[in-house]
Amino acid sequence: MDTNLARPQTIASPGQNSFADSLLNGLRKSSKEIACKYFYDEAGSRLFDAICDLPEYYQTRTEMALLARHAAEIAALMGDGAEIVEFGAGSLRKVRILLDAARNPRAYTPLDISGDYLRHVVRSLAADYPALILRPLVADFMLPLEIPHLPGADTPRAGFFPGSTIGNFKPDAAMALLRRMRATLGGGGLLIGVDLVKDPARLHAAYNDAAGITALFNKNLLVRANRELGADFDPDGFAHYAPYNAAAHRIEMYLVSLKRQSVTLCGQRFEFAQGEPVHTEDSHKYTIESFREMAARAGFNPRAVWTDQDRLFSVHWLESR
Ligand code: AVJ
(Lines give C-alpha, C1' and ligand atoms only; values in the text may rest on other atoms or scores of the structure.)
Protein backbone atom coordinates (compact mmCIF):
# COMPACT_ATOMS: atom_id res chain seq x y z
CA MET A 1 0.00 0.00 0.00
CA ASP A 2 1.22 3.49 -0.83
CA THR A 3 1.13 5.24 2.53
CA ASN A 4 1.15 8.65 0.84
CA LEU A 5 -2.26 7.88 -0.53
CA ALA A 6 -3.64 6.52 2.76
CA ARG A 7 -3.70 9.80 4.66
CA PRO A 8 -7.07 11.51 4.25
CA GLN A 9 -6.64 14.36 1.76
CA THR A 10 -8.95 17.34 1.87
CA ILE A 11 -10.21 18.27 -1.57
CA ALA A 12 -13.05 20.60 -0.63
CA SER A 13 -13.68 22.73 2.43
CA PRO A 14 -16.40 21.09 4.47
CA GLY A 15 -15.93 23.53 7.35
CA GLN A 16 -17.98 26.33 5.82
CA ASN A 17 -21.30 24.82 6.72
CA SER A 18 -20.65 24.29 10.41
CA PHE A 19 -23.16 22.78 12.81
CA ALA A 20 -23.46 26.14 14.61
CA ASP A 21 -24.22 28.15 11.43
CA SER A 22 -26.59 25.54 10.11
CA LEU A 23 -28.46 25.21 13.42
CA LEU A 24 -28.78 28.98 13.89
CA ASN A 25 -30.16 29.34 10.36
CA GLY A 26 -32.52 26.40 10.74
CA LEU A 27 -33.98 27.64 14.02
CA ARG A 28 -34.50 31.16 12.64
CA LYS A 29 -36.85 29.89 9.94
CA SER A 30 -40.62 30.18 10.41
CA SER A 31 -40.77 26.38 10.07
CA LYS A 32 -37.83 25.33 12.23
CA GLU A 33 -35.45 22.65 10.99
CA ILE A 34 -32.15 20.93 11.78
CA ALA A 35 -30.18 19.36 8.91
CA CYS A 36 -30.08 15.56 9.11
CA LYS A 37 -26.37 15.33 8.30
CA TYR A 38 -25.70 16.43 11.90
CA PHE A 39 -27.13 13.20 13.30
CA TYR A 40 -23.82 11.44 12.85
CA ASP A 41 -21.44 12.49 15.60
CA GLU A 42 -19.90 9.60 17.54
CA ALA A 43 -22.94 8.99 19.74
CA GLY A 44 -25.28 9.42 16.76
CA SER A 45 -23.31 6.98 14.63
CA ARG A 46 -23.51 4.42 17.43
CA LEU A 47 -27.26 4.97 17.72
CA PHE A 48 -27.60 4.58 13.96
CA ASP A 49 -25.71 1.26 14.16
CA ALA A 50 -28.20 0.18 16.83
CA ILE A 51 -31.09 1.20 14.53
CA CYS A 52 -29.62 -1.01 11.79
CA ASP A 53 -29.89 -4.01 14.11
CA LEU A 54 -33.50 -3.33 15.19
CA PRO A 55 -36.09 -5.96 14.29
CA GLU A 56 -38.32 -3.25 12.74
CA TYR A 57 -35.53 -1.74 10.62
CA TYR A 58 -35.42 -4.14 7.65
CA GLN A 59 -33.24 -1.90 5.43
CA THR A 60 -29.70 -2.77 6.43
CA ARG A 61 -30.04 -6.51 6.60
CA THR A 62 -32.07 -6.64 3.38
CA GLU A 63 -29.51 -4.56 1.47
CA MET A 64 -26.58 -6.61 2.83
CA ALA A 65 -28.29 -9.82 1.76
CA LEU A 66 -28.88 -8.38 -1.74
CA LEU A 67 -25.23 -7.32 -2.06
CA ALA A 68 -24.02 -10.73 -0.91
CA ARG A 69 -26.42 -12.69 -3.09
CA HIS A 70 -25.61 -10.75 -6.26
CA ALA A 71 -21.96 -9.96 -5.55
CA ALA A 72 -20.60 -11.89 -8.55
CA GLU A 73 -22.96 -10.21 -10.99
CA ILE A 74 -22.22 -6.81 -9.46
CA ALA A 75 -18.48 -7.46 -9.69
CA ALA A 76 -18.83 -8.31 -13.39
CA LEU A 77 -20.71 -5.06 -14.06
CA MET A 78 -18.07 -3.03 -12.19
CA GLY A 79 -15.39 -4.53 -14.40
CA ASP A 80 -11.73 -5.42 -13.92
CA GLY A 81 -9.31 -3.25 -12.00
CA ALA A 82 -11.88 -0.62 -11.00
CA GLU A 83 -11.56 2.20 -8.52
CA ILE A 84 -14.52 1.94 -6.13
CA VAL A 85 -15.65 5.42 -5.05
CA GLU A 86 -17.93 5.44 -2.03
CA PHE A 87 -20.04 8.54 -1.37
CA GLY A 88 -20.34 9.26 2.35
CA ALA A 89 -19.62 7.45 5.59
CA GLY A 90 -20.66 4.00 4.57
CA SER A 91 -20.65 0.76 6.42
CA LEU A 92 -17.40 -1.17 6.21
CA ARG A 93 -19.40 -4.39 6.27
CA LYS A 94 -21.07 -3.40 3.00
CA VAL A 95 -17.94 -2.34 1.15
CA ARG A 96 -16.14 -5.50 2.24
CA ILE A 97 -18.78 -7.53 0.40
CA LEU A 98 -17.95 -5.55 -2.75
CA LEU A 99 -14.19 -5.68 -2.31
CA ASP A 100 -14.25 -9.42 -1.70
CA ALA A 101 -16.23 -10.03 -4.89
CA ALA A 102 -14.61 -7.40 -7.13
CA ARG A 103 -12.20 -8.47 -9.88
CA ASN A 104 -8.75 -7.10 -9.00
CA PRO A 105 -10.06 -3.85 -7.56
CA ARG A 106 -7.31 -1.25 -7.97
CA ALA A 107 -8.39 1.35 -5.44
CA TYR A 108 -11.01 2.17 -2.83
CA THR A 109 -11.78 5.88 -2.52
CA PRO A 110 -14.15 6.69 0.34
CA LEU A 111 -15.37 10.30 0.44
CA ASP A 112 -16.50 11.69 3.76
CA ILE A 113 -16.72 14.98 5.62
CA SER A 114 -15.11 13.32 8.66
CA GLY A 115 -11.35 12.74 8.56
CA ASP A 116 -11.64 10.73 11.79
CA TYR A 117 -14.05 8.31 10.19
CA LEU A 118 -11.78 7.95 7.15
CA ARG A 119 -8.74 7.17 9.29
CA HIS A 120 -10.80 4.43 10.94
CA VAL A 121 -11.76 3.06 7.49
CA VAL A 122 -8.14 2.94 6.35
CA ARG A 123 -6.94 1.32 9.58
CA SER A 124 -9.46 -1.48 9.34
CA LEU A 125 -9.09 -2.20 5.60
CA ALA A 126 -5.35 -1.81 4.98
CA ALA A 127 -4.29 -5.10 6.54
CA ASP A 128 -6.98 -7.17 4.81
CA TYR A 129 -6.49 -5.70 1.31
CA PRO A 130 -2.72 -5.19 0.95
CA ALA A 131 -2.85 -4.76 -2.84
CA LEU A 132 -5.60 -2.17 -2.75
CA ILE A 133 -4.78 1.54 -3.02
CA LEU A 134 -6.72 3.31 -0.26
CA ARG A 135 -7.54 6.91 -1.12
CA PRO A 136 -9.60 8.45 1.69
CA LEU A 137 -10.76 11.92 0.65
CA VAL A 138 -12.21 14.48 3.04
CA ALA A 139 -14.88 16.01 0.86
CA ASP A 140 -18.52 17.04 0.86
CA PHE A 141 -20.12 15.05 -1.93
CA MET A 142 -22.93 17.61 -2.00
CA LEU A 143 -20.51 19.94 -3.79
CA PRO A 144 -19.24 19.40 -7.33
CA LEU A 145 -16.20 17.24 -6.98
CA GLU A 146 -13.36 16.32 -9.28
CA ILE A 147 -11.26 13.42 -8.05
CA PRO A 148 -7.73 13.38 -9.47
CA HIS A 149 -7.00 10.37 -11.64
CA LEU A 150 -4.76 7.64 -10.30
CA PRO A 151 -1.32 7.57 -11.88
CA GLY A 152 -0.81 5.21 -14.79
CA ALA A 153 -3.40 3.70 -17.08
CA ASP A 154 -6.99 4.92 -17.08
CA THR A 155 -8.79 3.18 -14.22
CA PRO A 156 -12.55 2.75 -14.60
CA ARG A 157 -14.56 4.10 -11.69
CA ALA A 158 -17.50 2.42 -9.98
CA GLY A 159 -19.56 4.50 -7.55
CA PHE A 160 -21.09 3.05 -4.40
CA PHE A 161 -23.90 4.83 -2.53
CA PRO A 162 -25.65 2.29 -0.30
CA GLY A 163 -28.10 2.61 2.58
CA SER A 164 -30.78 4.65 0.77
CA THR A 165 -29.04 7.86 1.81
CA ILE A 166 -30.42 9.26 -1.48
CA GLY A 167 -33.81 9.19 0.32
CA ASN A 168 -32.74 12.06 2.57
CA PHE A 169 -32.98 14.42 -0.41
CA LYS A 170 -36.14 15.84 -1.94
CA PRO A 171 -36.58 14.47 -5.48
CA ASP A 172 -35.15 17.58 -7.21
CA ALA A 173 -32.09 17.59 -4.96
CA ALA A 174 -31.72 13.83 -5.30
CA MET A 175 -31.65 14.17 -9.08
CA ALA A 176 -29.10 16.98 -8.90
CA LEU A 177 -26.96 14.83 -6.61
CA LEU A 178 -27.13 11.90 -9.03
CA ARG A 179 -26.00 14.25 -11.82
CA ARG A 180 -23.00 15.41 -9.79
CA MET A 181 -22.09 11.82 -8.94
CA ARG A 182 -22.28 10.92 -12.60
CA ALA A 183 -19.86 13.75 -13.41
CA THR A 184 -17.49 12.64 -10.63
CA LEU A 185 -17.54 9.06 -11.90
CA GLY A 186 -16.41 10.15 -15.37
CA GLY A 187 -18.16 7.44 -17.35
CA GLY A 188 -18.25 4.84 -14.57
CA GLY A 189 -21.40 3.25 -13.20
CA LEU A 190 -23.11 3.72 -9.83
CA LEU A 191 -24.30 1.00 -7.44
CA ILE A 192 -27.00 2.55 -5.26
CA GLY A 193 -29.34 1.24 -2.56
CA VAL A 194 -32.88 2.61 -2.49
CA ASP A 195 -35.64 1.91 0.03
CA LEU A 196 -38.99 1.07 -1.53
CA VAL A 197 -42.58 2.27 -1.10
CA LYS A 198 -44.49 -0.30 0.95
CA ASP A 199 -47.23 -0.79 3.55
CA PRO A 200 -47.24 2.45 5.59
CA ALA A 201 -47.55 0.41 8.81
CA ARG A 202 -44.24 -1.28 8.07
CA LEU A 203 -42.57 2.04 7.30
CA HIS A 204 -44.05 3.62 10.40
CA ALA A 205 -42.76 0.80 12.60
CA ALA A 206 -39.23 1.14 11.16
CA TYR A 207 -39.02 4.78 12.31
CA ASN A 208 -40.99 4.35 15.54
CA ASP A 209 -39.30 1.30 17.04
CA ALA A 210 -40.56 -0.22 20.25
CA ALA A 211 -37.20 0.13 22.01
CA GLY A 212 -37.17 3.89 21.35
CA ILE A 213 -33.73 3.94 19.68
CA THR A 214 -34.88 6.13 16.78
CA ALA A 215 -36.25 8.63 19.31
CA LEU A 216 -32.85 8.77 21.01
CA PHE A 217 -31.17 9.14 17.60
CA ASN A 218 -33.47 12.08 16.80
CA LYS A 219 -32.98 13.76 20.19
CA ASN A 220 -29.22 13.30 19.93
CA LEU A 221 -29.26 16.43 17.73
CA LEU A 222 -30.21 18.41 20.84
CA VAL A 223 -27.76 16.55 23.07
CA ARG A 224 -25.04 17.28 20.52
CA ALA A 225 -25.96 20.99 20.37
CA ASN A 226 -25.75 21.15 24.17
CA ARG A 227 -22.36 19.45 24.25
CA GLU A 228 -20.66 21.03 21.23
CA LEU A 229 -22.25 24.47 21.20
CA GLY A 230 -23.18 25.01 24.85
CA ALA A 231 -26.92 25.17 24.06
CA ASP A 232 -29.45 24.46 26.82
CA PHE A 233 -32.01 22.24 25.08
CA ASP A 234 -34.08 20.01 27.37
CA PRO A 235 -34.20 16.80 25.29
CA ASP A 236 -37.11 15.53 27.41
CA GLY A 237 -39.01 18.67 26.49
CA PHE A 238 -39.29 17.41 22.89
CA ALA A 239 -41.08 14.38 21.44
CA HIS A 240 -39.88 12.19 18.60
CA TYR A 241 -42.54 12.28 15.85
CA ALA A 242 -42.08 10.35 12.60
CA PRO A 243 -45.23 10.05 10.45
CA TYR A 244 -45.35 8.60 6.93
CA ASN A 245 -46.51 11.18 4.39
CA ALA A 246 -48.06 8.85 1.84
CA ALA A 247 -48.73 11.60 -0.73
CA ALA A 248 -45.03 12.53 -0.77
CA HIS A 249 -43.80 8.94 -0.35
CA ARG A 250 -41.66 9.83 2.63
CA ILE A 251 -41.15 9.41 6.33
CA GLU A 252 -40.83 12.84 7.92
CA MET A 253 -39.04 13.18 11.23
CA TYR A 254 -39.63 15.95 13.73
CA LEU A 255 -38.84 16.96 17.27
CA VAL A 256 -42.03 18.45 18.68
CA SER A 257 -41.85 20.87 21.59
CA LEU A 258 -43.96 19.47 24.43
CA LYS A 259 -44.32 22.86 26.11
CA ARG A 260 -43.77 26.52 25.56
CA GLN A 261 -40.05 26.96 26.15
CA SER A 262 -37.03 28.98 25.16
CA VAL A 263 -33.53 27.80 24.39
CA THR A 264 -30.30 29.78 24.29
CA LEU A 265 -27.80 28.94 21.60
CA CYS A 266 -24.65 30.93 20.78
CA GLY A 267 -25.99 33.86 22.79
CA GLN A 268 -29.31 33.90 20.94
CA ARG A 269 -32.73 33.00 22.33
CA PHE A 270 -35.16 30.80 20.44
CA GLU A 271 -38.80 30.43 21.43
CA PHE A 272 -40.72 27.19 20.95
CA ALA A 273 -44.50 27.13 21.17
CA GLN A 274 -46.21 24.14 22.71
CA GLY A 275 -46.67 21.63 19.89
CA GLU A 276 -44.21 23.39 17.56
CA PRO A 277 -42.33 20.96 15.26
CA VAL A 278 -38.66 21.09 14.34
CA HIS A 279 -38.13 19.16 11.10
CA THR A 280 -35.07 16.89 11.30
CA GLU A 281 -35.22 14.42 8.40
CA ASP A 282 -37.02 13.25 5.29
CA SER A 283 -36.61 9.67 4.13
CA HIS A 284 -38.08 9.32 0.65
CA LYS A 285 -39.27 5.98 -0.67
CA TYR A 286 -39.39 5.07 -4.35
CA THR A 287 -40.88 2.36 -6.48
CA ILE A 288 -38.35 0.54 -8.66
CA GLU A 289 -39.86 2.30 -11.67
CA SER A 290 -39.95 5.78 -10.12
CA PHE A 291 -36.30 5.50 -9.12
CA ARG A 292 -35.21 4.27 -12.55
CA GLU A 293 -37.06 7.18 -14.13
CA MET A 294 -35.30 9.67 -11.89
CA ALA A 295 -31.91 8.07 -12.62
CA ALA A 296 -32.62 8.32 -16.35
CA ARG A 297 -33.51 12.00 -16.00
CA ALA A 298 -30.17 12.45 -14.21
CA GLY A 299 -28.43 11.08 -17.30
CA PHE A 300 -27.86 7.49 -16.17
CA ASN A 301 -28.82 4.39 -18.04
CA PRO A 302 -30.54 2.24 -15.39
CA ARG A 303 -29.41 -1.30 -16.03
CA ALA A 304 -29.68 -4.03 -13.42
CA VAL A 305 -31.91 -3.90 -10.36
CA TRP A 306 -32.11 -6.41 -7.55
CA THR A 307 -34.80 -6.67 -4.90
CA ASP A 308 -35.85 -9.12 -2.20
CA GLN A 309 -38.91 -11.37 -2.29
CA ASP A 310 -40.98 -8.96 -0.22
CA ARG A 311 -39.84 -5.96 -2.31
CA LEU A 312 -38.68 -4.11 0.78
CA PHE A 313 -35.45 -2.69 -0.67
CA SER A 314 -33.69 -2.32 -4.01
CA VAL A 315 -30.12 -2.12 -5.26
CA HIS A 316 -29.58 -0.54 -8.69
CA TRP A 317 -26.69 -0.55 -11.14
CA LEU A 318 -26.79 2.67 -13.15
CA GLU A 319 -24.50 3.11 -16.15
CA SER A 320 -23.31 6.45 -17.40
CA ARG A 321 -24.33 6.91 -20.99
C1 AVJ B 1 -29.39 6.44 6.74
C2 AVJ B 1 -30.83 8.08 5.84
C3 AVJ B 1 -31.07 5.82 5.18
O4 AVJ B 1 -33.62 7.32 6.36
O5 AVJ B 1 -33.73 5.28 7.06
C6 AVJ B 1 -32.90 5.78 10.26
C7 AVJ B 1 -31.59 7.29 8.61
N8 AVJ B 1 -33.40 7.87 10.25
N9 AVJ B 1 -33.87 5.99 11.15
C10 AVJ B 1 -33.13 6.33 6.92
C11 AVJ B 1 -32.60 6.98 9.68
C12 AVJ B 1 -34.16 7.26 11.15
C13 AVJ B 1 -31.70 6.40 7.42
N14 AVJ B 1 -30.75 6.71 6.31
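Residues numbered from 1 in each chain as written. Predicted model: local features only at pLDDT ≥ 70, side-chain atom pairs only at ≥ 80, totals over all residues. Heavy atoms only, no water.

**Focus: the nonpolar core**
- Ranked by size, the top nonpolar core spans 36 residues in total, and within it Leu-23, Leu-27, Ile-34, Tyr-57, Phe-233, Leu-265 and Phe-272 carry the most contacts.
- Broken down by secondary-structure element, the contributors of at least two residues to this core are helix H2 (19-28), helix H3 (42-52), helix H9 (200-207), helix H10 (213-229), strand S10 (250-257), strand S11 (261-265) and strand S12 (268-272).
- Here the element with the most residues in this core is H10; it accounts for five residues.
- One finds Ile-97, Leu-99, Trp-306 and Trp-317 within the second-largest nonpolar core, a separate group that totals 29 residues. (Core = buried A, V, L, I, M, F, W, Y, C linked by side-chain atoms within 4.5 Å. Buried < 20%, exposed > 50% of the residue type's maximum accessible area, 1.4 Å probe, protein only. Helix = DSSP H or I, 4+ residues; strand = E, 2+ residues; numbered from the N terminus.)

**Here we look at H3**
- Burial in H3 covers these residues: Gly-44, Leu-47, Ile-51 and Cys-52. Each buried residue of H3 lies within a common arc of 150° when the element is viewed along its axis, so the set occupies one face. Away from its buried face, by an angle of more than 90 degrees, H3 presents the exposed residues Glu-42 and Arg-46.
- Those residues of H3 hidden inside the fold are in contact with helix H4 (59-69) and H10. (Arc of directions from axis to C-beta. Contact = heavy atoms within 4.5 Å.)

**Side note on the packing of aromatic side chains**
- Applying the stated rule across the entire model yields 17 aromatic pairs.
- Plain terms: the ring middles of Tyr-57 and Tyr-207 are 6.0 Å apart, the flat faces sit at 75° to each other, and that makes the pair edge-to-face. Of the two residues, Tyr-57 sits in the loop between H3 and H4 while Tyr-207 sits in helix H9, which places them 150 residues apart along the sequence.
- Through a chain of ring-to-ring contacts, three or more aromatic side chains come together here, namely Phe-39, Tyr-40, Phe-48, Tyr-57, Tyr-58, Tyr-207 and Phe-217.
- The ring of Phe-272 carries Lys-32 above its face, with NZ or CZ at 4.9 Å from the centroid. (Phe/Tyr/Trp six-rings, centres within 6.5 Å; stacked < 30°, edge-to-face > 60°. Lys NZ or Arg CZ within 6 Å of the ring centre and 35° of its normal.)

**Considerations on helix H11 (residues 288-297)**
- Here H11 has its buried residues at Ile-288, Phe-291, Met-294 and Ala-295. Along the long axis of H11, the arc covered by the buried residues comes to 130°, so they all point the same way. Across from the buried face of H11, at angles greater than 90 degrees, the exposed residues are Glu-293 and Arg-297.
- Structurally, H11 contributes buried residues whose contacts are with helix H8 (171-185), strand S7 (189-195), strand S14 (300-307) and strand S15 (313-320).

**Considerations on the site of the ligand**
- Near the ligand lie 14 residues; those nearest to it are Tyr-57, Gly-163, Tyr-207, Glu-281 and Ser-283.
- The contact in question runs from an oxygen atom of the ligand to an N or O atom on the side chain of Tyr-57, over 2.5 Å.
- Note that an oxygen atom of the ligand is positioned 2.6 Å from one of the side-chain N or O atoms of Ser-283.
- Look at the ligand: alone it shows 350 Å² of surface, and the protein chains cover 97% of it.
- At the level of elements, H3, H10 and strand S13 (277-284) are the ones that each hand at least two residues to the shell around the ligand.
- For the shell around the ligand, the class distribution of residues is seven nonpolar, six polar and one charged. (Near = heavy atom within 4 Å. Polar contact = N/O pair within 3.5 Å; in protein donor to acceptor, adjacent residues only side chain to side chain. Areas by Shrake-Rupley, 256 points an atom, 1.4 Å probe, with all protein chains shown as cover. Nonpolar A, V, L, I, M, F, W, Y, C, P; charged D, E, K, R; others polar.)

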